[in-house]
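Residues per chain, in single letters:
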Amino acid sequence: MNSISEIAAAIRAANRTLIVSHARPDGDAIGSQLAVALALEQLGKPVEIVNADPSPPNYRGLPSFEKIQVSERAPTGHDCLIVLECGNLARTGLVDLEAPRVVINIDHHPVNDLYGTLNWVDPGYASVAEMVYLILLDLPVQITPPIAINLYTGILTDTGSFRFSNTTAETFRTAAALVEAGARPGEVAENVLMRQSASRVRLLAEFLSTFQVEADGLISTLLLSQEMLARTGASPNDTEGLVNYGLSLEGVVLCALFKEEDDGSYRVSLRSKGDYDVGSVAEGFGGGGHRNAAGCSLTGTLESVRDQVLSALHGLVESRR
Ligand SMILES: [Mn+2]
């Protein structure tokens, strides 16, 4: 693993930088990308941002959002590639992504192929935005209000508004520094969290009616079908974060969201409280993730997919009784 100062030195030495992140980008991916781009502009360096998929509408008001290009094909001619939040290059969803002389891999997911010429992967951070903040301090650049707002957004969204167990004292220290640098928590929350589309709210109403509990109230399940998406007019972006409702009921420690994909397979999102490790459950089905947030894909009927996943979750509960 490389040090922050080695990564900052490589960023300073670059002439033309491309910043990419994962397909279906989230608040941490977008906020971190924009912050790095704004930092490079302060240094007078040409920089491009490319994502394979459009950003969810609630992030489109972020400072300098217009810098993000959406294309499946990555532009060429860069001497430095910064990859944020990707365990491997395939996660970018970009085709023909060429690896230039310098590839900088910054991630906080536990499974990462260390494909960079420089790698900094640390699952101890709740968000990549916190890691980017430390790199920007080392570059050094001034943490302007636009940079602060973008990084604060990454932290806010990846910590579930400072609710998830990944939130540390350092998370709050970084967030505090970003507030001092010009991020306004109330404004960011209003712009990012309280701007749901009508289709999402319609979907939420249908979605919550699928809520079921079992194992004496320890496990909850939720369903998202293609029919529900079609009926409510919901877009793929409208389903982001819905799984977290599964843990909102008192007593529930494990939840599974079964999302029917358009090819008929099921994307299973798993969430847990405390020490219940859903990362290992997802790995058992060929997926992955963190202890408290993971996912996998299964083929088969809803009934068979549900049975397989629930038996693994029941096993987890039994092993701790
Ligand atoms: Mn993240």
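Computed from a prediction, not measured in an experiment: that's the story for all the values here.

Q: Please clarify how helix 3 (residues 128-138) should be interpreted in this entry.
A: Structurally, the α-helix is built with 3.6 residues per turn, so residues lying three or four positions apart point the same way. For helix 3, a buried count of nine out of 11 residues is recorded, marking the element as mostly surrounded by other parts of the structure. Val 128, Ala 129, Glu 130, Met 131, Val 132, Tyr 133, Leu 134, Ile 135 and Leu 136 are the residues of helix 3 that are buried.

Q: I keep staring at empty space enclosed by the protein and nothing clicks. Help me out?
A: Using a probe with the size of a water molecule, rolled over the atoms, empty space left in the structure can be pinpointed. Counted under the stated rule, the structure contains two cavities of 30 Å³ or more. Approximately 60 Å³ is the volume found for the largest cavity. The wall of the largest cavity is formed by Ile 11, Val 36, Ala 39, Leu 40, Ile 82, Leu 84, Ile 106, Val 132, Ile 135, Leu 136 and Leu 139. Listed by contribution, the elements that provide at least two residues to the lining of the largest cavity are helix 2 (27-42), strand 4 (80-84) and helix 3. Looking at the lining of the largest cavity residue by residue, the class counts come to 11 nonpolar, no polar and no charged. Of the volumes computed, that of the second largest cavity is approximately 40 Å³. If you trace the second largest cavity, you find it lined by Leu 18, Pro 75, His 78, Leu 81, Leu 97, Glu 98 and Pro 100. In terms of residue class, the lining of the second largest cavity is built from five nonpolar, one polar and one charged.

Q: Honestly, the coordination of the manganese ion in this entry has me stumped. Any pointers?
A: Put simply, a metal with four donors set out as a tetrahedron has ideal angles of 109.5 degrees, and one with six donors set out as an octahedron has ideal angles of 90 or 180 degrees. The coordination sphere of the manganese ion, as far as protein atoms go, consists of Asp 28 (OD), Glu 85 (OE), His 108 (NE2) and Asp 158 (OD), spread over 1.9 to 2.3 Å. Binding-site remark: the manganese ion is held by donors from one chain whose sequence spacing is D-x56-E-x22-H-x49-D. Of this pair, Glu 85 sits in the loop between strand 4 and strand 5 (102-107) while His 108 sits in the loop between strand 5 and strand 6 (118-121); the two residues are 23 residues apart in sequence, bridging distant segments of the chain. Take Glu 85: its relative accessible area is 2%, and that puts it in the buried class. We classify His 108 as buried; its relative accessible area is 4%.

Q: Is there a simple way to think about the nonpolar core in this case?
A: The nonpolar side chains of a soluble globular protein tend to be buried, and buried together. Counting residues in hydrophobic clusters, the biggest one holds 52 residues, and the most contacted among them are Ile 19, Ile 82, Ile 104, Ile 106, Leu 136 and Leu 151. Here Ile 82 is in contact with Ile 11, Thr 17, Leu 18, Ile 19, Val 20, Val 36, Ile 104 and Ile 106, once residues within four sequence places are set aside.

Q: Help me understand the sheet that holds strand 3 (residues 68-70) in this model?
A: Paired through backbone hydrogen bonds, the strands of a sheet run either parallel or antiparallel to each other. If you walk across this open sheet you meet the six strands as 3-2-1-4-5-6, and the pairing is parallel. In the strand order of this sheet, the two ends are held by strand 3 and strand 6, each with one partner. Averaged over all pairs of adjacent strands, the angle between strand axes in this sheet comes to 20°, irrespective of strand direction. With five bridges joining them, strand 4 and strand 5 adopt parallel strand pairing. Across the sheet, residue Leu 81 finds its bridge partner in strand 5, namely Val 103. Sitting on the sheet, helix 2 touches strand 1 (17-20), strand 2 (47-51), strand 3 and strand 4, and the angle it makes with strand 2 is about 165°.

Q: So what exactly am I meant to see when it comes to the packing of helix 3 against helix 5 (residues 169-180) here?
A: Direction vectors running N to C along helix 3 and helix 5 enclose 60°, while the axes themselves pass 10 Å from each other. Considered as vectors, helix 3 and helix 5 are oriented oblique to each other. For the crossing formed where helix 3 meets helix 5, the hand is left-handed. Here Glu 130, Tyr 133 and Leu 134 of helix 3 come into contact with helix 5, specifically with Glu 170, Thr 171, Thr 174, Ala 177 and Leu 178. Each residue belonging to the contact of helix 3 with helix 5 can be placed in one class, and the counts come to four nonpolar, two polar and two charged.

Q: Just to check I follow, could you spell out the packing of helix 2 against helix 3 for this structure?
A: The packing of two helices is summarised by the inter-axis angle and the distance between the axes. Here helix 2 crosses helix 3 at 10°, and the two axes come no closer than 9 Å. Relative to helix 3, the element helix 2 lies roughly parallel. Only Val 128, Ala 129, Val 132 and Leu 136 of helix 3 make contact with helix 2, whose side of the interface consists of Asp 28, Ser 32, Ala 35, Val 36 and Ala 39. Along the lines of polarity and charge, the residues of the contact of helix 2 with helix 3 split into seven nonpolar, one polar and one charged.

Q: Hey, could you run me through the sheet that holds strand 10 (residues 266-272) in this one?
A: Taking strand neighbours across the sheet as the criterion, the six strands line up as 7-8-9-10-12-11 in an open arrangement whose pairing is mixed. What marks the edges here is a single partner per strand, and that holds for strand 7 (212-214) and strand 11 (288-289). Where strand 9 (residues 254-260) and strand 10 come together, seven bridges link them in antiparallel fashion. Bridge pairing in strand 10 places Lys 259 opposite Arg 267. Of the strands in this sheet, strand 7, strand 8 (219-224), strand 9, strand 10 and strand 12 (293-298) are in contact with helix 10 (residues 302-319), which crosses strand 9 at around 165°.

Q: For this particular structure, what's the right way to read the environment of Leu 62?
A: Residue position: Leu 62 is located in the loop between strand 2 and strand 3. For Leu 62, a relative accessible area of 7% puts it in the buried group. A C-alpha to C-alpha distance of 17 Å links Leu 62 and Val 132, two positions 70 residues apart in sequence. Those residues in contact with Leu 62 that lie beyond four places of it in its chain are Ile 30, Leu 34, Ile 149, Asn 150 and Thr 153.

Parameters at a glance
Residues numbered from 1 in each chain as written. Predicted model: local features only at pLDDT ≥ 70, side-chain atom pairs only at ≥ 80, totals over all residues. Heavy atoms only, no water. Buried < 20%, exposed > 50% of the residue type's maximum accessible area, 1.4 Å probe, protein only. Helix = DSSP H or I, 4+ residues; strand = E, 2+ residues; numbered from the N terminus. 1 Å grid on protein atoms, 1.4 Å probe; cavity = no way out; pocket = protein on both sides within 12 Å on 5 of 7 lines; lining within 4 Å. Points joined across faces, edges and corners; volume = space filled by probe spheres on them. Nonpolar A, V, L, I, M, F, W, Y, C, P; charged D, E, K, R; others polar. Donors = N, O, S within 2.8 Å, 3.2 Å for Na, K, Ca; no water. Core = buried A, V, L, I, M, F, W, Y, C linked by side-chain atoms within 4.5 Å. Contact = heavy atoms within 4.5 Å. Pairing = 2+ DSSP bridges. Axes fitted to C-alpha atoms, helices over the stretch in contact; angles between N-to-C directions. Parallel < 35°, antiparallel > 145°, perpendicular 65-115°, else oblique. Left-handed = near helix turned anticlockwise from the far one by under 90°.

In short, geometric facts, not functional conclusions.
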